Amino acid sequence: MKRPPWPVLALVLVLVGGSLAVVTRPSPEGPRYITDDQGRAITLHGFNTAGSTKGDPDAMPWIEEQDVESEYEQMGTNFVRFLLQWRALEPEPGEYDEEYLDAVAERVSWYAERDYHVLLDMHQDLWGQGITEAGRVGNGAPEWGTHTDGLPVEEQEQWELVYLEPGTMRSFDHFWNTTGEHPELMDHYVRAWRHVADRFADEPAVLGYDLMNEPWGGTLQGPDFEKGPLAELYRRSITAIREVDNDSWIFVEPQAVGINWGLPSALPHLDDPREGKPRIVYAPHIYPLPMDMGESYGGDENGGGDGRSGRGESSRVWIDRSISLWRRNVLATADRLEAPIVLGEFGLDTSSPGAMEYVERMLAVTDEIGAGRAYWSNDLDGWGPWAGRADGGEERAVVPGPLVDVMNRPYPRAIAGEPLAVHYDRPTQTLTVSFAEKNDGSVTGPTEIYVPEGGFPGGGSITSSDPEGSWSGEWDADRRVWEVESAPYLQEHELVVSPAN
Ligand SMILES: CN(C)c1ccc(C(=O)NC[C@H]2N[C@H](CO)[C@@H](O)[C@@H]2O)cc1
């Protein structure tokens, strides 16, 4: 398929996105944030685990418990977007597989024992395995919930194009009730979420539920989809979950197409009937269009260099423009939803030119907007942090790739107040965290800052804007975490962590 030159496409993206962005709301207020059971603002920093779940017969990720230990030891992460599969949860209509949920619970415990926050993601791509006879494409939905009506679904070299196959479109149209022929499908999906929430409501490590991965509207696209059946699914799921779980956070995604590239979402505000403040999280993904078209983050930020073989202006310039568009539109949507932001997916081939600088860029952007982030993904496939497993031996430990050093950075796991700014300066390896007291008695724990071992033996050094003697910093060598108690009589605090002197 001859592709129009990507600068033309990217220009269209910026113009379309820009014009749409003009009609979106004015620039939003500051970021909101997710709080833990001690009332602290938490920074979610971690991975999607795992892409391998999609094709696993048991719908389980490739990892073993030792790999969670390795992840913490080598990167100090505190968050996992854990993929679920509806096909495994509800293999027959109305029948839930408790052994599957037991296996999920076992893996949740691996993270819980290491103080991780677990987001349960009802994952789908291309609806489900049942869209083709061979079952080689698609994941998520059970066979009994897959109605292609015999329309063709041809596998494609570019997997995304299978979304446009007639049988795939029809499967989604039935789920969203665009056809009016299978209203029971969304009923089952909502009840499945209620069942999951009932199971994990009392599991402190389960932070929340990501209601549907990368929704696709079938023949219904854009605002008609997002404000129509997608919002209906979310409202019904929120209501059902709140019947059994008052405290978990409920994550909602925009439609994937267009919004992953940075275009504005039309997702409407979603009420949360829980007792207390709403706990709805806006959870977009980012995959800049030039990268979707095969460009790398190579070259330099001034347009020089070569982000592609022998071609002109660096694709990095266009990717940076996409990121800026994404940032602006994500903030506008989160403002409309009155919700904190978690970037549910970002990632790329770690061997591509400029890959680590792209990851650094996205970590910086999420810090700037106060968003959590989960890298896509924790797999042994060249995108993930691991180069593979060591050969032989009982341990079969995972071998770090270039991503490990980038993800292994200082960050504020939990902030004992209202975050004002978080900034990590890579060249000096200095983290600055500023926050304000909430003065409402809701915060009952210290600020926690993770620090990697490399360059920070003994935790490096930590300073506070509070006067000497009015604050304290305890170094937990096992967890590699600074626990900081700030002076309660001061309204604002700034902590700075830097390498050992
Ligand atoms: C046409 N549609 C609906 C579409 C196209 C492309 C993606 C995508 O690249 N997604 C990015 C990554 N996210 C999934 C897992 O959620 C990964 O498999 C993709 O690489 C999604 C949807």
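Residues numbered from 1 in each chain as written. Predicted model: local features only at pLDDT ≥ 70, side-chain atom pairs only at ≥ 80, totals over all residues. Heavy atoms only, no water.

By the naming in an unreviewed UniProt entry, the chain is Endoglycoceramidase, taken from Nocardiopsis gilva YIM 90087. According to the UniProt record, the Sequence similarities (unreviewed entry) comment for the chain is "Belongs to the glycosyl hydrolase 5 (cellulase A) family." (UniProt positions renumbered as here; feature names shortened; annotations may be inferred.)

*Asks:* Explanation requested: the overall build of the chain in the structure shown.
*Replies:* Across its full length, the chain holds eleven helices and 19 strands. Projected onto its principal axes, the C-alpha positions of the chain cover 75 × 55 × 55 Å. A buried classification covers 58% of the 501 residues belonging to the chain. When contacts within the chain are restricted to residue pairs at least 6 apart in sequence, those whose partners lie at least 24 apart make up 72%. Per element, the accessible surface of the chain, about 20000 Å² overall, is 50% carbon and sulfur. Mean positive and mean negative side-chain charge positions of the chain (39 and 86 charges, respectively) differ by 5 Å. (Helix = DSSP H or I, 4+ residues; strand = E, 2+ residues; numbered from the N terminus. Buried < 20%, exposed > 50% of the residue type's maximum accessible area, 1.4 Å probe, protein only. Contact = heavy atoms within 4.5 Å. Areas by Shrake-Rupley, 256 points an atom, 1.4 Å probe, with all protein chains shown as cover. Lys, Arg positive; Asp, Glu negative; His and termini not counted. Charge placed at Lys NZ, Arg CZ, Asp CG, Glu CD.)

*Asks:* Just to check I follow, could you spell out the domain arrangement of the chain for this structure?
*Replies:* Each assigned domain of the chain is listed with its residue range as follows: domain 1 (44-302 + 312-388) and domain 2 (409-500). Computed from C-alpha atoms alone, the centre-to-centre distance between domain 1 and domain 2 is 31 Å. In this assembly, domain 1 packs against domain 2 so that about 1100 Å² is buried in total across both faces, 35% of it on carbon and sulfur atoms. If you sort the residues of domain 1 by the area they bury against domain 2, Tyr72, Glu360 and Asp367 come out on top, with a joint share of 43%. Counting across the interface, domain 1 meets domain 2 through four salt bridges. In this structure, Glu360 and Arg426 form a salt bridge, with 3.0 Å as the shortest nitrogen-oxygen distance. When residues of the side of domain 1 that touches domain 2 are traced back to their parent elements, those giving at least two are helix H2 (65-75) and helix H10 (355-368). (Domains from an automatic or database assignment. Buried area = accessible area lost by both parts, 1.4 Å probe. Salt bridge = Lys/Arg side-chain N within 4 Å of Asp/Glu carboxyl O.)

*Asks:* How should the packing of helix H4 (residues 98-112) against helix H6 (residues 184-200) be read in this particular structure?
*Replies:* Packed helix pairs are characterised by how far apart their axes lie and by the angle those axes make with each other. Between H4 and H6, whose axes approach to 11 Å, the crossing angle comes to 50°. As summarised for this structure, H4 and H6 are arranged oblique, according to the angle between their axes. For the element pair H4 and H6, the recorded crossing hand is right-handed. Contacts between H4 and H6 involve Glu98, Leu101, Asp102, Val104, Ala105 and Val108 on the former and, on the latter, His195, Val196, Arg199 and Phe200. Partitioning the contact of H4 with H6 into residue classes produces six nonpolar, one polar and three charged. (Axes fitted to C-alpha atoms, helices over the stretch in contact; angles between N-to-C directions. Parallel < 35°, antiparallel > 145°, perpendicular 65-115°, else oblique. Left-handed = near helix turned anticlockwise from the far one by under 90°. Nonpolar A, V, L, I, M, F, W, Y, C, P; charged D, E, K, R; others polar.)

*Asks:* I would appreciate a short explanation of the sheet that holds strand E14 (residues 430-436) in the present structure.
*Replies:* Sheet strands associate in pairs through backbone hydrogen bonding, adopting either a parallel or an antiparallel arrangement. Judged by pairing direction, the sheet is antiparallel, and its four strands sit side by side in the order E13-E14-E19-E16 without closing on themselves. Edge positions in the sheet fall to strand E13 (418-425) and strand E16 (461-464), since each has one partner strand and no second. Adjacent strand axes in the sheet meet at a mean angle of 15°, parallel and antiparallel pairs treated alike. Pairing geometry for E14 and strand E19 (residues 492-498), over six bridges, is antiparallel. By the bridge assignment, Thr432 is partnered in E19 with Val496. (Pairing = 2+ DSSP bridges.)

*Asks:* I keep staring at the pattern of salt bridges and nothing clicks. Help me out?
*Replies:* Where side chains of opposite charge bring their charged atoms close, a pairing between them can arise. Under the counting rule described, the total for this entry stands at 35 salt bridges. Residue Glu64 pairs with Arg396 through a salt bridge whose shortest N-O separation is 3.8 Å. Here Glu64 is found in the loop between strand E2 (45-49) and H2, whereas its partner Arg396 is found in the loop between strand E10 (386-389) and strand E11 (398-400), with 332 residues between them in sequence. Take Glu64: its relative accessible area is 34%, and that puts it in the partly exposed class.

*Asks:* Which parts of the structure should I look at to understand the site of the ligand?
*Replies:* Near the ligand, the surroundings consist of 15 residues, among which Lys54, His123, Asn213, Glu214 and Glu345 are the closest. With respect to the ligand, the side chain of Lys54 contributes an N or O atom lying 2.9 Å from an oxygen atom. Here the ligand has 510 Å² of accessible area as a free molecule, and 87% of this is covered by the chains. Residues of the shell around the ligand, tallied by class, amount to seven nonpolar, three polar and five charged. (Near = heavy atom within 4 Å. Polar contact = N/O pair within 3.5 Å; in protein donor to acceptor, adjacent residues only side chain to side chain.)

*Asks:* Explain the sheet that holds strand E6 (residues 249-252) to me, please; I cannot follow it from the model alone.
*Replies:* Ordered in space as E7-E6-E5-E4-E3-E2-E9-E8, the eight strands form an open sheet in which the pairing is parallel. Strands with a single pairing partner mark the edges of an open sheet, and in this sheet they are strand E7 (280-282) and strand E8 (342-346). When strand polarity is set aside, the average angle formed by the axes of neighbouring strands in this sheet is 25°. Where E2 meets strand E3 (residues 79-84), four bridges bridge the pair, whose relative direction is parallel. Bridge pairing in E3 links Thr49 to Phe82. Strands E6, E7 and E8 of the sheet are contacted by helix H9 (residues 315-337), whose axis makes an angle of about 165° with E7.

*Asks:* Any chance you could explain the nonpolar core here in plain terms?
*Replies:* Note on soluble globular proteins: their nonpolar side chains tend to be buried together. Grouped together as the largest cluster of nonpolar side chains are 103 residues, with contacts concentrated most on Leu120, Phe175 and Val196. With nine residues, the single largest contributor to this core is H6. Both of domain 1 (44-302 + 312-388) and domain 2 (409-500) provide at least three residues apiece to this core. The contact partners of Leu120, leaving out residues within four places of it in the chain, are Phe82, Leu84, Val104, Val108, Trp193, Val196, Phe200, Val206, Gly208, Tyr209 and Asp210. Judged by nonpolar contacts, the second largest core, of 17 residues, contains Tyr33, Val433, Phe435 and Trp471. (Core = buried A, V, L, I, M, F, W, Y, C linked by side-chain atoms within 4.5 Å.)

*Asks:* Explain the confidence of the model for the chain to me, please; I cannot follow it from the model alone.
*Replies:* Should the pLDDT be low somewhere, the predicted coordinates at that spot are not to be read in detail. With 90% of its residues at a pLDDT of at least 70, the chain reaches an overall mean of 92. Here residues 10-31 scores under 50 on pLDDT; set against residues more than four positions off or in separate chains, the count is 34 contacts. (pLDDT = per-residue confidence, 0-100.)

*Asks:* In this structure, what is going on with the UniProt feature "domain: Glycoside hydrolase family 5 C-terminal" (unreviewed entry) in the chain? I would like to understand it.
*Replies:* Listed under "domain: Glycoside hydrolase family 5 C-terminal" (unreviewed entry) in the UniProt record, and renumbered for this structure, are residues 409-476. For the annotated span residues 409-476, helix accounts for 0% and strand for 49% of the residues, and the straight-line distance between the end C-alpha atoms is 16 Å.

*Asks:* How should I be thinking about the layout of surface pockets in this particular structure?
*Replies:* Where empty space is left in the structure can be found by rolling a water-sized probe over the atoms. Of the volumes computed, that of the second largest pocket is approximately 630 Å³. Along the walls of the second largest pocket sit 28 residues, with Asp36, Asp37, His117, Pro204 and Ala205 positioned nearest its centre. Of all elements in the fold, only strand E5 (206-210) and strand E12 (411-415) reach the threshold of two or more residues within the lining of the second largest pocket. Broken down by class, the residue content of the lining of the second largest pocket amounts to ten nonpolar, six polar and twelve charged. Counting the residues that make up the lining of the second largest pocket, at least three belong to each of domain 1 (44-302 + 312-388) and domain 2 (409-500). (1 Å grid on protein atoms, 1.4 Å probe; cavity = no way out; pocket = protein on both sides within 12 Å on 5 of 7 lines; lining within 4 Å. Points joined across faces, edges and corners; volume = space filled by probe spheres on them.)

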